[in-house]
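Understanding the architecture of this molecule
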Amino acid sequence: MPFITNPAVAAFMAQLGSEFIFAQVLIRHQKHGYELRHVDDSHRDSSSLRIVPLDEVRRMVQFTAAGVFRPLKSAPNLQSNWRIIVNSPAELETTVNQLNPGAIADWYAAQSATPPVTDFREFMNRQTGMYQITQKLTDTQAIEVIKTGCHRTLCLKRRLWTATGLESDSRSEKSAIPCLEPCAMLLEYARKAMRLEKPRH
Ligand code: SF4
């Protein structure tokens, strides 16, 4: 493979070994590159899986097998029955980032001694406009929102950020893809939860 200039990609590739599972994606080293497939297809014969060209990956990850839109690419509903062949670090980077946007950069950032994590309260305290209401969640309410909104049945990213009274996720519970700060989906969920709590007049 050609020389890798992106330090995040270089570090990511250096630790892949012969096989690496990144959320629902199994990355397998091959003679001239890597093969990616759904982890549920790990034991399937290659010839039984559909080859997905690189320019079709983005479209494939948009929808579940049932054709439902996937707003959160880290949700555990990636369709299976495919394989992707990449032949260069650039192709691997692009493909992994299409399957899980920003995952390599976030993984690399999480390797540092002090990962750039933004905790729940700090994140909500920055919100303005319609999301400012999230600042009113109590610690107990915030924990409920996070436990529900970031549950592994909804998202496989390992939450590194915390809230008062709530530790970060364990890797065994989620995946190797870190979550460095609350996402837009959780923010919206927190807003809706706070609106439901608000007394009506
Ligand atoms: S905030 Fe929660 S739901 Fe959103 S990406 Fe992070 S872990 Fe997943």
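Everything discussed here concerns the structure shown above.
These notes cover the structure that comes with them. (Residues numbered from 1 in each chain as written. Predicted model: local features only at pLDDT ≥ 70, side-chain atom pairs only at ≥ 80, totals over all residues. Heavy atoms only, no water.)

1. So, the layout of surface pockets
Note the threshold: Each cavity reported here is a set of points on a 1 Å grid over the protein atoms alone in which a 1.4 Å probe fits but cannot get out, each pocket an open set with protein on both sides within 12 Å along at least five of seven lines, and each lining residue one with an atom within 4 Å of a point. Grid points are joined across faces, edges and corners, and a volume is the space filled by probe spheres set on the points. Every helix listed is a DSSP run of H or I at least four residues long, and every strand listed is a run of E at least two residues long, numbered separately from the N terminus. Either an automatic procedure or a domain database provided the assignment from which the domain bounds are taken.
Here the largest pocket defines a volume of roughly 510 Å³. In terms of lining, the largest pocket is formed by 28 residues, of which the most central are Leu72, Cys155, Cys183, Met185 and Leu186. Breaking the lining of the largest pocket down by element, the ones donating at least two residues are helix 6 (139–149) and helix 7 (184–197). At five residues, helix 7 tops the list of elements feeding residues into the lining of the largest pocket. Taken domain by domain, the makeup of the lining of the largest pocket includes at least three residues from each of domain 1 (7–110) and domain 2 (120–197).

2. Examining the site of the ligand
Inclusion rule: Proximity criterion: a residue is near a molecule or strand once any of its heavy atoms comes within 4 Å of it. For a molecule to be placed in a cavity or pocket, more than half of its atoms must lie within 2 Å of the grid points of that cavity or pocket. When residues are sorted by character, Ala, Val, Leu, Ile, Met, Phe, Trp, Tyr, Cys and Pro go into the nonpolar class, Asp, Glu, Lys and Arg into the charged class, and all the rest, Gly among them, into the polar class.
Every residue close to the ligand is listed here: Gly149, Cys150, Cys155, Lys157, Trp161, Cys179, Pro182, Cys183 and Leu186. If you map the ligand onto the pockets, it falls in the largest pocket. Among the residues making up the shell around the ligand, the classes are represented as seven nonpolar, one polar and one charged.

3. Section: the pairing of strand 1 (residues 19–22)
What counts here: The cut-offs for exposure are 20% and 50% of the maximum accessible area for each residue type, with area from a 1.4 Å probe on protein chains only; residues under the lower value are buried, those over the upper are exposed, and the others partly exposed. Any two strands with at least two DSSP bridges between them are considered paired.
Side chains Phe20 and Phe22 of strand 1 all project onto a buried face; the interleaved residues Glu19 and Ile21 project onto a face where none is buried. As judged from the four bridges shared by strand 1 and strand 2 (residues 25–30), these two strands associate in the antiparallel manner. The residue of strand 2 that forms the bridge with Ile21 is Leu26.

4. With respect to the nonpolar core
Convention followed: For our purposes a nonpolar core is just a set of buried Ala, Val, Leu, Ile, Met, Phe, Trp, Tyr and Cys residues, chained together by side-chain atoms within 4.5 Å.
Phe12, Phe22, Ile27, Leu36, Leu92 and Leu99 are the most contacted members of the largest nonpolar core, which has 29 residues in total. Of all elements in the fold, only helix 1 (7–14), strand 1, strand 2, strand 3 (33–38), helix 2 (57–61), strand 5 (82–86), helix 3 (89–99) and helix 4 (103–110) reach the threshold of two or more residues within this core. In terms of residue count, the dominant contributor to this core is helix 1 (four residues). Membership of the second largest hydrophobic core comes to 19 residues, among which are Phe123, Leu137, Ala163 and Leu166.

5. Regarding the pairing of strand 5
Within strand 5, four of the five residues are buried, which leaves the element mostly enclosed by the surrounding structure. Pairing geometry for strand 3 and strand 5, over four bridges, is antiparallel. Among the inter-strand pairings, Glu35 is bridged to a residue of strand 5, identified as Ile85. As paired strands, strand 4 (residues 50–51) and strand 5 are joined by two bridges and run parallel to one another. Bridged to Ile51 within strand 5 is Arg83.

6. Observations regarding helix 1
Test applied: The arc refers to the directions leading from the helix axis to the C-beta atoms. Any N or O atom pair separated by 3.5 Å or less is treated as a polar contact, with the protein-specific requirement of one donor-capable and one acceptor-capable atom, and with residues adjacent in sequence counted only for side-chain atom pairs.
Those residues of helix 1 that sit buried are Ala8, Val9, Phe12 and Met13. Looking straight down helix 1, one finds that the buried residues subtend no more than 125° of arc, so they occupy a single side. Turned more than 90 degrees away from the buried face of helix 1 sit Pro7 and Ala14, all of them exposed. Where helix 1 begins, the side chain of Asn6 points an oxygen toward the backbone nitrogen of Ala8, at a separation of 2.8 Å.

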